[in-house]
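Fold and geometry: a report
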Number of protein chains: 6
Amino acid sequence: MQLLIEPIVRAALLEDMGRAGDITTDAIVAEGAMTSGALRARKAGRLCGVEVAATAFRLADPAVKFETRLADGADLEPNATIATIRGSARGILTAERTALNFLCHLSGIATATNRFVRLIEGSKAKIIDTRKTTPGLRTLEKYAVRVGGGMNHRFGLDDAVLIKDNHIAFAGGIKPAIEAVRRSVGHLVKAEVEVDDLAQLRECLDLKVEVILLDNFSLERMREAVKMTAGRAILEASGRVTEENVHAIAETGVDLISSGWITHSAPALDIGLDFD
Amino acid sequence: MQLLIEPIVRAALLEDMGRAGDITTDAIVAEGAMTSGALRARKAGRLCGVEVAATAFRLADPAVKFETRLADGADLEPNATIATIRGSARGILTAERTALNFLCHLSGIATATNRFVRLIEGSKAKIIDTRKTTPGLRTLEKYAVRVGGGMNHRFGLDDAVLIKDNHIAFAGGIKPAIEAVRRSVGHLVKAEVEVDDLAQLRECLDLKVEVILLDNFSLERMREAVKMTAGRAILEASGRVTEENVHAIAETGVDLISSGWITHSAPALDIGLDFD
Amino acid sequence: MQLLIEPIVRAALLEDMGRAGDITTDAIVAEGAMTSGALRARKAGRLCGVEVAATAFRLADPAVKFETRLADGADLEPNATIATIRGSARGILTAERTALNFLCHLSGIATATNRFVRLIEGSKAKIIDTRKTTPGLRTLEKYAVRVGGGMNHRFGLDDAVLIKDNHIAFAGGIKPAIEAVRRSVGHLVKAEVEVDDLAQLRECLDLKVEVILLDNFSLERMREAVKMTAGRAILEASGRVTEENVHAIAETGVDLISSGWITHSAPALDIGLDFD
Amino acid sequence: MQLLIEPIVRAALLEDMGRAGDITTDAIVAEGAMTSGALRARKAGRLCGVEVAATAFRLADPAVKFETRLADGADLEPNATIATIRGSARGILTAERTALNFLCHLSGIATATNRFVRLIEGSKAKIIDTRKTTPGLRTLEKYAVRVGGGMNHRFGLDDAVLIKDNHIAFAGGIKPAIEAVRRSVGHLVKAEVEVDDLAQLRECLDLKVEVILLDNFSLERMREAVKMTAGRAILEASGRVTEENVHAIAETGVDLISSGWITHSAPALDIGLDFD
Amino acid sequence: MQLLIEPIVRAALLEDMGRAGDITTDAIVAEGAMTSGALRARKAGRLCGVEVAATAFRLADPAVKFETRLADGADLEPNATIATIRGSARGILTAERTALNFLCHLSGIATATNRFVRLIEGSKAKIIDTRKTTPGLRTLEKYAVRVGGGMNHRFGLDDAVLIKDNHIAFAGGIKPAIEAVRRSVGHLVKAEVEVDDLAQLRECLDLKVEVILLDNFSLERMREAVKMTAGRAILEASGRVTEENVHAIAETGVDLISSGWITHSAPALDIGLDFD
Amino acid sequence: MQLLIEPIVRAALLEDMGRAGDITTDAIVAEGAMTSGALRARKAGRLCGVEVAATAFRLADPAVKFETRLADGADLEPNATIATIRGSARGILTAERTALNFLCHLSGIATATNRFVRLIEGSKAKIIDTRKTTPGLRTLEKYAVRVGGGMNHRFGLDDAVLIKDNHIAFAGGIKPAIEAVRRSVGHLVKAEVEVDDLAQLRECLDLKVEVILLDNFSLERMREAVKMTAGRAILEASGRVTEENVHAIAETGVDLISSGWITHSAPALDIGLDFD
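In this text the structure is predicted, and so the values were computed from the model without any measurement.

**A short note on the overall build of chain A**
Helix and strand content of chain A: 11 helices and 12 strands. Burial status across chain A gives 64% buried among its 276 residues. As displayed, chain A has an accessible area near 9,900 Å², and 49% of this comes from carbon and sulfur atoms. When the 34 basic and 38 acidic side-chain charges of chain A are each reduced to a single mean position, those positions are 3 Å apart.

**Focus on unusual backbone geometry**
Residue and element names in this part refer to chain F. For Asn79, which is not glycine, the phi torsion reads 80 degrees and is therefore positive. Mapped onto the elements of the fold, Asn79 is located in the loop between strand E4 (75-76) and strand E5 (81-88). Its relative accessible area of 57% is what places Asn79 among the exposed residues. Of note in the backbone geometry, Arg240 takes a positive phi value of approximately 55 degrees without being a glycine. Its location among the elements puts Arg240 in the loop between strand E10 (234-238) and helix H10 (246-251).

**Focus: the packing of aromatic side chains**
A complete count under the given rule lists 12 aromatic pairs over all chains for this structure. Across the ring face of B:Phe155, the terminal group of B:Lys142 is positioned such that the distance to the ring centre comes to 5.3 Å.

**Concerning the interface of chain E and chain F**
Across the boundary between the two partners, chain E contributes 59 residues, which contact 59 residues of chain F. Summing both sides of the interface, chain E and chain F together bury roughly 4,700 Å²; the carbon and sulfur share of this comes to 60%. Summed over the shared surface of chain E and chain F, the number is 4 salt bridges. With its nearest N and O atoms 2.4 Å apart, the salt bridge here joins E:Arg138 to F:Asp16. On inspection of chain E and its partner chain F, the count reaches 28 residue pairs in polar contact (both at pLDDT 80 or more). Of all elements in the fold, only helix H1 (2-17), helix H2 (23-28), strand E1 (34-41), helix H4 (89-119), helix H5 (138-147), strand E7 (161-163), helix H6 (165-171) and helix H7 (174-184) of chain E reach the threshold of two or more residues within the side of chain E that touches chain F. In terms of residue count, the dominant contributor to the side of chain E that touches chain F is H4(E) (7 residues). A per-class count over the side of chain E that touches chain F returns 30 nonpolar, 18 polar and 11 charged.

**A look at the side chain of C:Ser36**
All names here are of chain C. You can see Ser36 is positioned in strand E1 (residues 34-41). Look at Ser36 and you get buried, because its relative accessible area is 13%. One polar contact links Ser36 to Asp276, side chain to side chain, over a distance of 2.5 Å. Dropping the residues within four chain positions of it, Ser36 is found in contact with Ile85, Arg86, Asp274, Phe275 and Asp276.

**Remarks on the relation of the copies chain B and chain A**
The transformation that overlays chain B on chain A combines an axial shift of 0.0 Å with a rotation of 180 degrees, and the residual RMSD is 0.0 Å. Such a turn and shift between the copies fits a two-fold axis. In this assembly, 100% of the residues forming the interface of chain B have copies in chain A that are likewise at the interface, indicating an isologous arrangement.

**Side note on the sheet that holds strand E1 (residues 34-41) of chain D**
Residues and elements named next belong to chain D. Here 4 strands make up an open sheet; going across it, the order is E3-E5-E1-E12 and the pairing antiparallel. Across the chains shown, the open sheet's two edge strands, defined by having one partner strand only, are strand E3 (65-68) and strand E12 (271-275). Averaged over all neighbouring strand pairs, the angle between strand axes comes to 20 degrees, with direction disregarded. Pairing geometry for E1 and strand E5 (residues 81-88), over 7 bridges, is antiparallel. Across the sheet, residue Gly37 finds its bridge partner in E5, namely Ile85. With respect to the sheet, helix H3 (residues 50-60) is in contact with E1, E3, E5 and E12, its orientation differing from that of E3 by roughly 170 degrees. Across the sheet, helix H4 (residues 89-119) is in contact with E1, E5 and E12; its angle to E12 comes to roughly 155 degrees.

**Points about the sheet that holds strand E11 (residues 256-258) of chain A**
Residues and elements named next belong to chain A. Taken in spatial order, the 6 strands make up an open sheet running E6-E11-E10-E9-E8-E7, and their pairing is parallel. A strand with exactly one partner marks an edge of an open sheet, and here the two such strands are strand E6 (126-128) and strand E7 (161-163). For this sheet, the mean inter-axis angle between neighbouring strands, taken without regard to orientation, is 25 degrees. Across 5 bridges, the pairing between strand E9 (residues 211-215) and strand E10 (residues 234-238) is parallel. From the neighbouring strand, Val211 faces E10, where its bridge partner is Ile234. Each of strand E8 (191-195), E9 and E10 touches helix H8 (residues 198-206); the most contacted strand, E8, lies at about 160 degrees to it. Against the sheet, helix H9 (residues 219-229) touches E9 and E10, its axis set at about 170 degrees to E10.

**So, the side chain of F:Thr94**
With respect to the helices and strands, the residue F:Thr94 is situated in helix H4 (residues 89-119). Those residues in contact with F:Thr94, other than ones at most four positions away along the chain, are E:Leu157, F:Leu13, F:Met17 and F:Asp22.

**Some points on the interface of chain B and chain A**
Accessible area lost upon the coming together of the parts is a frequently used measure of interface size. Tallying the contact residues gives 59 residues for chain B and 59 residues for chain A. Linking chain B with chain A are 4 salt bridges. B:Arg131 is the partner of A:Asp16 in a salt bridge, and the nearest nitrogen-oxygen pair spans 2.6 Å. Taken together, the links from chain B to chain A amount to 28 residue pairs in polar contact (both at pLDDT 80 or more). For the side of chain B that touches chain A, the secondary structure elements donating two or more residues are helix H1 (2-17), helix H2 (23-28), strand E1 (34-41), helix H4 (89-119), helix H5 (138-147), strand E7 (161-163), helix H6 (165-171) and helix H7 (174-184) of chain B. By residue number, the principal contributor to the side of chain B that touches chain A is H4(B), which donates 7 residues. Looking at the side of chain B that touches chain A residue by residue, the classes come out as 30 nonpolar, 18 polar and 11 charged.

**A short note on the packing of helix H1 (residues 2-17) of chain D against H4(D)**
A pair of packed helices can be characterised by two numbers: the angle between their axes and the separation between those axes. Residue and element names in this part refer to chain D. As a packed pair, H1 and H4 sit with axes 10 Å apart at the nearest point and diverge in direction by 130 degrees. By the angle between their directions, the pair H1 and H4 is classed as oblique. Crossing geometry of H1 relative to H4 is assigned as right-handed. Here H1 contributes Ile8, Val9, Ala12, Leu13, Asp16 and Met17 to the contact with H4, which in turn contributes Thr94, Ala95, Arg97, Thr98 and Phe102.

**As for the relation of the copies chain E and chain F**
Note on the identical chains: chain E maps onto chain F by a rotation of 180 degrees and an axial translation of 0.0 Å, with an RMSD of 0.0 Å. Looking at chain E, 100% of its interface residues are interface residues in chain F too, so the copies touch through the same face.

**Regarding the environment of A:Asp274**
Residues and elements named next belong to chain A. Along the chain, Asp274 turns up in strand E12 (residues 271-275). Taking the relative accessible area as the measure of exposure, Asp274 reaches 23% and is therefore partly exposed. C-alpha of Asp274 to C-alpha of Ser36: the two residues are 238 residues apart in sequence and 8.7 Å apart in space. If near-sequence neighbours (up to four positions away) are discounted, Asp274 is found in contact with Gly37, Ala38, Arg40 and Arg42. Within the structure, Asp274 has its side chain in polar contact with the side chain of Arg42 (distance 2.9 Å).

The rules we used
- One numbering rule holds for all chains: residues counted from 1, following each sequence as written.
- All chains are assigned letters beginning with A, and all ligands numbers beginning with 1, in the order in which they are written.
- Totals for whole chains, interfaces and linings use every residue, but because this is a predicted model, local features are given only for residues with pLDDT of at least 70 and side-chain atom pairs only at 80 or more, for both listing and counting.
- Derived side-chain values reflect all non-hydrogen atoms in the structure, with water molecules and hydrogen atoms excluded from consideration.
- Comment: elements are numbered from the N terminus, with helices defined as DSSP H or I runs of at least four residues and strands as E runs of at least two.
- Burial classes: relative accessible area under 20% of the type maximum marks a residue as buried, over 50% as exposed, and values in between as partly exposed (1.4 Å probe, protein chains only).
- Computed by Shrake-Rupley with a 1.4 Å probe, the accessible areas treat only the displayed protein chains as cover when residues are assessed.
- We score Asp and Glu as negative and Lys and Arg as positive, and we do not count His or the chain ends.
- One atom stands in for each charge, and that atom is NZ of Lys, CZ of Arg, CG of Asp or CD of Glu.
- Within 6.5 Å between ring centres, the rings of Phe, Tyr and Trp (the latter by its six-membered ring) count as paired, and their orientation is classed by plane angle as stacked under 30 degrees, edge-to-face over 60, tilted in between.
- For a ring to carry a charge above it, either NZ of a lysine or CZ of an arginine must fall within 6 Å of the ring centroid while also lying within 35 degrees of the normal to the ring plane.
- When checking whether two residues touch, look at their non-hydrogen atoms; a contact exists if any pair is within 4.5 Å.
- Using a 1.4 Å probe, buried area is obtained as the accessible area two parts lose upon being combined, added over both of them.
- Any Lys or Arg side-chain nitrogen located within 4 Å of an Asp or Glu carboxyl oxygen qualifies as a salt bridge.
- Any pair of N or O atoms that falls within 3.5 Å is considered a polar contact. Within protein, one atom must be able to donate a hydrogen and the other to accept it, and sequence-neighbouring residues count only if both atoms are side-chain atoms.
- Here the nonpolar group is Ala, Val, Leu, Ile, Met, Phe, Trp, Tyr, Cys and Pro; Asp, Glu, Lys and Arg are the charged ones; every other residue, Gly included, is treated as polar.
- Here the copies are superposed with least squares, the fitted atoms being C-alpha atoms of residues at a pLDDT of at least 70 in both.
- The rule for pairing is simple: two strands pair if DSSP sees at least two bridges between them.
- Where helices are involved, their axes are fitted lines through C-alpha atoms of the stretch in contact, as for all axes, and angles between N-to-C directions lie from 0 to 180°.
- Small angles under 35 degrees read as roughly parallel and large ones over 145 as roughly antiparallel, with 65 to 115 read as roughly perpendicular and the rest as oblique.
- In this scheme the handedness of a crossing depends on how the near helix is turned from the far one: anticlockwise by less than a right angle means left-handed, clockwise means right-handed.

Shown next as structure tokens:
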């Protein structure tokens, strides 16, 4: 992953440094000065982004000593020490905010995901994400979902097929749509179809569609869908998933519950850098 | 702004298109097919990012007709039509998610900011942001704060000075810190100092510091700070600002109330694209 | 696709122009001079890359008139006119080689693919590509395979799973390998397993592996594999596929025949630009 | 060369890794696992690209041990060991295909070039390349030509002048063309003129053109050209050079024989990575 | 600063190396050959850019030993040794010109700045730069100004406000202009107003403008401006500053004297690399 | 050239706009406001960079009307109108400084070059540049030299050979150096050798070196060199060329006089934008 992470972190540091760098630190802190500190949780949550934070510090000071105490996926208690850092004071102060921005954001997503995951424990359903991610951060945010115990929906427009209502309208029906797709995509590309009602679901099942998205189905309707499907396809429940209803959705017997909220609206987890 | 926006939007589209583009749409929708639709609010909130969304559609189809009905800063009612779009079906379907990801994210920030702004209406205080922004999106997120009625704190490490506790420790006191800064930064760079208590505040006032950040002060202490300052410096209240306490903070008489939450944790505003 | 094509073509033009541009043309041809010509096949083959070539000319002269006579997928006879061009002589001369380099390269791949496709006509097998593509050109080369009548294998390491012998060795067997994959990848990711013999094939079938790659199987062994599989999985024949043996491989009843040759070794198709 | 190589190799790795990286390897192989193996020739040929392949492995695992056994320019026997590798299993598996894609492609070009070079041994002629290279890889492909024993024609539109028939037409003759060039290019830029017949050749010689390209001359006509030139200019034979006719062309006494085939159509050389 | 410097230096090296690298050195100097030398001043001046030069050599040879003898800000005598270098001959020869181009250019700016600084010693005025910098080098050139003893004006259009005559015309006066600015910019953004005469100056003082630029004022008028201002604002003298008049300008009592000349027209300082 | 110019100008605009764009203009000038003006010379000189300046304005406002009155190469009188501009006030104000920075810098180089060119009028010598250019601007600065009436030395390390004293030392003499080069570079690459005395010059002539650089020769020695050479090679005079000695150098009969000064130290030409 390091090859994927580094250009994102480097760009973030340069965004923060602008044209003149950290003018406060450069004016005050001598070039050789050293410092040390610890990344600590301020709130409870699921940790994600330790390697990303480490990369920020390493880019600002290649000689920094970053010692990981807790790895991604750890469940943080308030005050838990995530990592200790020792190195150039200039480098650490310059990278601090960028490192924390990543760490808090990704841990926020992992924490939000994990909350949903725990709410459906015991069911066979899995929490999955969507393409409703922050522009530029899809790789990292989808990683955070996995760290939170969720699974990933497709990563982009190109790695899987998702046939929505507009596609069906353009094709003139589910059947011509799925046939057009099967003619053109490779053997390792899976296709999912979004359905609005049970009639469309039945049509998909007849066409041996592998994955079917139930768009804004009521719980009642979901149960019927599960029954009708009888294991012949993977069913994804989508639309208005909340902490309140996620358990009930899982109980209907669907395989997947997707949430855009866990990536586009998860609050950041509060993590800070305490200097020694 | 268009020169600043375009590379960010282009990168977001390419992130979503990956190596093969929109394989669903390309398989199903004919190259010349046209479509039209409208961007509509699903929830109430403050609109932000219309030009960014337009850029996404224009990059995917340079001939698209994007007609703005509501401009950034508008207060949206549910179902309000933000813009109408008409153009190549392939282009619009390919750009839809990217356009919405920006629009929902930025409107979410503007909405969150505006909620705080309204809560302190009548006071002289202003809501300001922090550097706790999403990596890669600082330009856009700080714009969204302004659209929400807030003002911007510094944009990066290089355009203003913010002396924090660590800097003070390294300098050996507030006075040497502020002197080091004054020796090295230009005449258009303002300096702000973060203080933990009233003694530090008094020291800053004696040193004629222009802007002072009250870090995690209680309401009581803030009032004392305002009194002690008596207009000789701009006072920023920082730390744990919530919808519950923001009004009370404003009442203390501080000039600025900064919130990281409005950028790092604002939930996305629900906006969708309805095809005709 | 235009958004994916343009940066590649722009980079190719800049590679050719270096620091000083087309010094021959700039010295000899006046700035306002116009010219016209036609892209013509010199040999028979399958056309691919017309839009890519057009992009090269358009980038060098935004006002160029590029009229397509034959679209990608056309079967070219020698001398067939592919497109006519009219515009600035400087722009056309500067872009000529870059446009042709793409057009000849991609048409070469489409032609090679199509030759294989024709040799197996009548069978149910399909010709597919591999990841043995030219660095930087995967998007375009895989497109050329489709234009040639082939289908695409995965586009990269991230859009599908391919478990090879080394993975099996690290996992300690096919079963733990496939289980590890199923635990970690999303519901739209397909997994293929490479097998060396019939025992491994049987194991895969028992594990309900969806796609199985028969690595360097003899024709005899392929037939046994097809029989044993009996439609329960997609079978890909791989290794040393040539014009001589491709028909016989298809006759064995495998579903897919993959060839690295069609991308890494297909000779360019001879296409030229005739000036009027 | 390392500064020129690294960005190309890094881009190729990122192209293959996409948004999620090597999902197969990451699911199956533990982070600390080590592996080792050897790059081995599967067919005979001229080796090229060892340092490029090493760069791919080093980028994926900075701690990899890559020991070169054979350097670029070595003549490979089947099974010859090119290099041994030891390092992180994840890194090596992730970089394997990218490393091999470069190595096989460049060795293919070196091998093709070298075949032509051997066919004309004993003559004074040299094999040279053209600008018919793969977009993005000109630096590496022209290096491979040199490794194969060939020499390089110009690297782009800007480092030397090549006056073709269209330039002559625009200038109104060879003389005004060459004069325009001499007025505008620097003292270290050489000019070559393409001629279609002996009359044009004579005109070039009278104008003291340093290098003359004989475009599609018959062997008979080439011999006359050599005689007429009598050493007063460098003569390049161009057009439809094959393994069958290259020796005869060299025998005519021309100085240079250029081939686009060696870069745009050379089949990849089969090289693989054998894990221990 | 290293994070800001490296991409600029890397781009400069690649600009010089083009597509084929240092063909002279690669043809003549063996790969393992070592060399050593010293960077030495040929003329007296103020040194700037040692770390930038070191970066050039390190990028070309990561194992180079670069020992700094004199740091940025040192006043060079002719023949002074700035640094010693030892490493790969290929790397050092390839990077030599790029390293020197930066070093001579930046030292030229520092030297020019310092000459002005010395001419006004004893006054309270400071020499400052402008945005008249070389495209792409603003970070480095503004650093050189500081090394020369000057201070920096704003770094770009975004980090401070400068209201010029056109802005005033568009706003309909100084007052509406300054009010528009105060409504929209953050609390850490300072505003400067350019005035043409004393009436405008008075208006600015009444509006409590913090910084005022006296555009092309005569010495006499400057003195009046200083008197009128009486310390209520920072005054910047701008326009046609030369070695001849800078002392007199400083004597008027202005706070800042800005010069575009020190960045856009400072002659390079002659520094060379002497090989041992 | 437009393809080469645009990325440089775009980067310069983004450098100036930073993260927030032109905050002064955006606060004061309404979005639809129009303005017009003229680019005018403030001093006499040779114009260069009109198309570059136009590109800056077009990027900031694609609808801008930029009418060229004087083309590159024109000799400017003070107050001469170079171009008129009409368009969005925001776009024009934002791009003004960037456009002028290019225009003044390039015209400065053209002017300096032209001054040398005029001083040697009547001689057969030509003024040429060096690789002592500003990092990132070699393409444009070498263009400015041509516009000033000079010719270009090589553009980089890769388009021509220049054998210096260190190369000769590493090779063990001029002969082995030139032979090494001839073995490895292509037929369109010229080689120049730097000599320190007449003995080396004679050796070069015996080796039929095409171009010879006389390094820091006295006028007397140059004359001897010209006599000894007798037209058998192109002679370049290099080292400490000034307005005072350039005519005398030209009189010695050398072919080329190279100056680093015209690129690294030419003062900017004063050109401004007068708003209507």
